[in-house]
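Each chain, letter by letter, is given below.
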Amino acid sequence: MSSLNAIVPMACVTAAAIAAMVAEAFRDPGERMPIAGLGLVGLVGAAIATVLLWNHNTSSFGLVVADDFGLFVTGILIVVGLLSLAISGPTIDRERLPAGEYYALMLFATAGMMLMATASDLLVIFLALEVLSLAVYVLTGIRRESPAATEAAFKYFLLGAFSSAFFLYGIAFSYGLTGSTRLDSIRGLTASQAPAPMQLLAVGLVLVGFAFKVSAVPFHMWTPDAYEGAPPAVAGFMSTGVKAAAFAAFVRVFLSAFEPLRGQWSDVLWLIAAATMIVGTVVGVAQSNVKRMLAYSSIAHGGYLLIALLSANDVGKGAVLFYLLTYAITNIGAFGVVALLDNASRPNDRVADYAGLWNDHAALAALMTVFLLSLGGFPPMAGFIAKWYVFSAAVKAGYSGLAIIGVLTSVISVFFYLRIVVMMYMTPGNTPAQFPAVPKIAGAALVVSAILIFYLGLLPTRVLDWAAASISAF
Amino acid sequence: MMVTLDHYLVLSAILFSIGTAGVFVRRNLITILLSIEIMLNAVNLTFVAFGRALGSADGQIIVFFVMTVAAAEAAVGLAIVIGLFRHRESLNPDSFTALKW
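Residues numbered from 1 in each chain as written. Chains lettered and ligands numbered in written order. Predicted model: local features only at pLDDT ≥ 70, side-chain atom pairs only at ≥ 80, totals over all residues. Heavy atoms only, no water.

(A) Layout of the overall build of chain A. A count of helical and extended segments in chain A gives 19 helices and two strands. Overall size of chain A, expressed as C-alpha extent along the three principal axes, is 70 × 55 × 40 Å. Taking as baseline every contact in chain A between residues at least 6 positions apart, the subset at least 24 positions apart corresponds to 81%. Here chain A displays about 15,600 Å² of accessible surface, and carbon together with sulfur accounts for 70% of that area. Positive and negative side-chain charges of chain A, numbering 23 and 23 respectively, have mean locations separated by a distance of 4 Å. (Helix = DSSP H or I, 4+ residues; strand = E, 2+ residues; numbered from the N terminus. Contact = heavy atoms within 4.5 Å. Areas by Shrake-Rupley, 256 points an atom, 1.4 Å probe, with all protein chains shown as cover. Lys, Arg positive; Asp, Glu negative; His and termini not counted. Charge placed at Lys NZ, Arg CZ, Asp CG, Glu CD.)

So, in structure tokens, the structure goes:
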């Protein structure tokens, strides 16, 4: 049994997902079932397992390692899952979505993300990537009667499948050269040989696959379309969970298996990081739809995470984890507000729709302000500390150029975050009472994320210590 | 003539390129899905060829996983295509214009 311990967190979530599917099958039409409660049970079980496994460095069959790095990301994914469950309720009721299918897909995707964060074998990373992607493709298009949602799902599916073919081709070359798909064996063999052209090809193809998943420029085209077409609660889930899982695997593969080839991939990653920050910010300024704006903002945040990955000194590796945590809480909060303003007749997702929100929903406006300022990196919010650590890691590692680009794009990005804040407080609303009432659970989830943002911003030491302690694995 | 590892690798590279080109060039959603399948099968050929060259069965076992994933992907992909067709009565990607930056 002991060798199965490392997969317990994802097993809990998978069991909850299967239970949700079975519950949906036995549900009479119109009957209400507390299916989200099953997800809650599964995620709490995963959280308990994560705490118990902490510091034990368990490994299952050499394919899945529950080291502290993987467990920290698992923790982030549990937070993402809980917040997503909480903000999904109103969307499901309003759009009359099949609750069991929705929650089952969300939980399967979460299980895939956890597997991806803890996998230590390229093939298992590929399988986890597919488990999470297939579930998220369907979630994107779950509003079947909406042409935009179906179109978004297809674009996301097409580019996702295309990129996973590249990823797999990279794994094939890596396997051909080293005879193994295990990350540690690949590292041992690449360290002992001179870099062969085929090895560089393998690294390049795997890099393309990851860049698609973390929506790095120039592989970001699907992101705004998918986030705009998906229900806002799903967009929040995608933009945080998929990114956290993909970055965890990205860091693990590039800092363990492909670390000996660092000299070859670091320049390429430098260019990708710079382009990602610049394109995400500059195109984000031109958006008039809040969901597309948040999509470009999430692209830009991917660029900051790439800086942290590239400057992989001790500060940098801890910074990846801390940044992922604050970004996940903040971004899911922002999409949560968008989800709560969505009503059956109109999505209320243009920047102009936020005019006068302060008068109609003072609490939502205040929460949105916290989330946007944290995304922009204002002190005392968590986003400031996270960016501070990333940029100081970059300067220490000798990437001052990237740090400067990062600071400049952060300043520009403040413009489009503040545009919404100005809209909410200083522009009179056109029609009163156009926003739906806020359900209790979803509202409470948003308040909790806002509290966490202030906690991480004001007292980050404890979590930073955990993040720093958990990266010693590499 | 001896068929060596290089022959297999060149063949699979050609197949992969055909698939990649098909995704960009073809103007029918079903053909685009088939192009992605060609890419995945080119990768499968690479795995089998490497497995044989290395004298290990791993390469062939990996192919089973990839085939399963490809089948699941095709199921989801075709379902989405049917959903799209119901909205637009067309399989031409140029007719899908609800989302634009």
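This is not the end of the story, as more comes after the structure.
(B) Representation of the overall build of chain B in the model. Each helix and strand counted, chain B has three helices and zero strands in total. Each helix and strand of chain B, placed in order from N terminus to C terminus, yields the pattern α-α-α. Its C-alpha atoms give chain B a radius of gyration of 17 Å, clearly above 13 Å, the size a compact globule of 101 residues would have. With respect to the three principal axes, the spread of C-alpha positions in chain B is 50 × 25 × 25 Å. A burial count over chain B gives 38% of its 101 residues as buried. Looking at chain B alone, contacts between residues at least 24 apart form 55% of all its contacts between residues at least 6 apart. Each charge class in chain B was averaged separately, 6 positive and 6 negative side chains, and the resulting centres sit 11 Å apart. (Rg over C-alpha atoms; globule rule 2.2 N^0.38 Å. Buried < 20%, exposed > 50% of the residue type's maximum accessible area, 1.4 Å probe, protein only.)

(C) Inspection of the interface of chain A and chain B at higher detail. In this complex, chain A contributes 42 residues to the contact, which on the side of chain B involves 42 residues. Contact with chain B buries surface across chain A, with A:Phe154, A:Tyr169 and A:Tyr175 losing the most and accounting together for 20% of the total. The tally of links from chain A across to chain B stands at one salt bridge. Of the charged contacts in the structure, one is a salt bridge between B:Arg88 and A:Glu151, with a shortest N-O distance of 3.7 Å. Summed over the shared surface of chain A and chain B, the result is five residue pairs in polar contact (both at pLDDT 80 or more). At the level of secondary structure, the elements contributing two or more residues to the side of chain A that touches chain B comprise α5 (122-140), α6 (147-178), α9 (222-229) and α12 (290-310) of chain A. Looking at the side of chain A that touches chain B, the element that brings in the most residues is α6(A), giving 22 residues. Residue composition of the side of chain A that touches chain B, grouped by class: 26 nonpolar, eight polar and eight charged. (Buried area = accessible area lost by both parts, 1.4 Å probe. Salt bridge = Lys/Arg side-chain N within 4 Å of Asp/Glu carboxyl O. Polar contact = N/O pair within 3.5 Å; in protein donor to acceptor, adjacent residues only side chain to side chain. Nonpolar A, V, L, I, M, F, W, Y, C, P; charged D, E, K, R; others polar.)

(D) Layout of the pattern of salt bridges. Within this structure, the stated rule accounts for 13 salt bridges over all chains. Where A:Arg94 meets A:Asp342, a salt bridge forms, and the shortest distance between an N and an O atom there is 3.6 Å. A residue pair is termed long-range when its members are at least 10 positions apart, and A:Arg94 in helix α3 (residues 68-95) and A:Asp342 in the loop between α13 (314-341) and α14 (357-360) qualify at 248 residues. Residue classification places A:Asp342 among the buried positions, given a relative accessible area of 4%. In this structure, a network of salt bridges that share partners links the residues A:Glu151, A:Lys155, A:Asp225, A:Glu228, A:Arg292 and B:Arg88.

(E) Here's a closer look at the nonpolar core. Residues and elements named next belong to chain A. Residues Tyr102, Met116, Phe210, Phe250 and Phe254 are the most contacted members of the largest nonpolar core, which totals 206 residues. Broken down by element, this core gets its largest block of residues, 18 residues, from helix α10 (residues 232-257). Ignoring anything within four residues of it in the chain, the contact list for Phe210 reads Met116, Ile125, Phe167, Ala246, Ala249, Phe250, Val253 and Phe254. (Core = buried A, V, L, I, M, F, W, Y, C linked by side-chain atoms within 4.5 Å.)

(F) Representation of the confidence of the model for chain B within the structure. Considering every residue of chain B, the mean pLDDT works out to 91; 96% of them sit at 70 or more. Per the prediction output, this complex has pTM 0.94; the corresponding ipTM is 0.95. (pLDDT = per-residue confidence, 0-100.)

(G) Summary view of a nonpolar patch on the surface. All names here are of chain A. On the surface, Leu40, Val44, Ile48, Leu52 and Leu82 cluster together into a nonpolar patch covering about 440 Å² of accessible area. For the nonpolar patch, the element with the highest residue contribution is helix α2 (residues 35-53), accounting for four residues. Among the secondary structure elements, Leu82 is positioned in helix α3. With a relative accessible area of 31%, Leu82 lands in the partly exposed category. (Patch = residues over 30% accessible without salt bridge, like charges linked within 9 Å, V, L, I, M, F, W, Y side chains within 5 Å.)

(H) Highlighting the packing of aromatic side chains. All names here are of chain A. Taken as a whole, this structure holds 27 aromatic pairs over all chains when the rule is applied. Between Tyr137 and Phe157, the ring centres sit 5.3 Å apart and the planes meet at 85 degrees, which makes this aromatic pair edge-to-face. In this pair, Tyr137 sits in helix α5 while Phe157 sits in helix α6, placing the two residues 20 residues apart along the sequence. By relative accessible area, which is 0% here, Tyr137 ends up buried. For the ring pair Tyr304 and Tyr323, a centre distance of 6.3 Å and an interplane angle of 55 degrees mean the geometry is tilted. Note that Tyr304 is positioned in helix α12 and Tyr323 in helix α13, a separation of 19 residues in sequence. Judged by relative accessible area, which is 3%, Tyr323 ranks as buried. (Phe/Tyr/Trp six-rings, centres within 6.5 Å; stacked < 30°, edge-to-face > 60°.)

(I) View of unusual backbone geometry. All names here are of chain A. Following Val217, the chain continues into Pro218 via a peptide bond in cis, with omega recorded as 5 degrees. Of note, the phi angle at Phe61 is positive, near 55 degrees, even though the residue is not glycine. When you line up the elements, Phe61 lands in the loop between β1 (58-60) and β2 (64-66). A positive phi is found at Ser215, a non-glycine position, where the angle reads about 45 degrees. Note that Ser215 resides in the loop between α8 (197-213) and α9.

(J) Up close: the packing of helix α4 (residues 99-118) of chain A against α10(A). Residue and element names in this part refer to chain A. Across the interface, α4 lies against α10 with an axial gap of 8 Å and an inter-helix angle of 20 degrees. Taken together, the axes of α4 and α10 are roughly parallel relative to one another. Note that α4 runs across α10; the crossing there is left-handed. When α4 is examined against α10, the residues Tyr102, Met106, Ala109, Thr110, Met113, Met116, Ala117 and Thr118 are found in contact with a partner set consisting of Ala233, Val234, Phe237, Gly241, Val242, Ala245, Ala246, Ala248, Ala249 and Arg252. Residues belonging to the contact of α4 with α10 are distributed by class as follows: 14 nonpolar, three polar and one charged. (Axes fitted to C-alpha atoms, helices over the stretch in contact; angles between N-to-C directions. Parallel < 35°, antiparallel > 145°, perpendicular 65-115°, else oblique. Left-handed = near helix turned anticlockwise from the far one by under 90°.)

(K) View of the environment of B:Ile61. Residues and elements named next belong to chain B. By the element assignment, Ile61 lies in helix α3 (residues 58-88). Residue classification places Ile61 among the partly exposed positions, given a relative accessible area of 45%. Separated by 28 residues in the primary sequence, Ile61 and Leu33 have C-alpha atoms spaced 24 Å apart.

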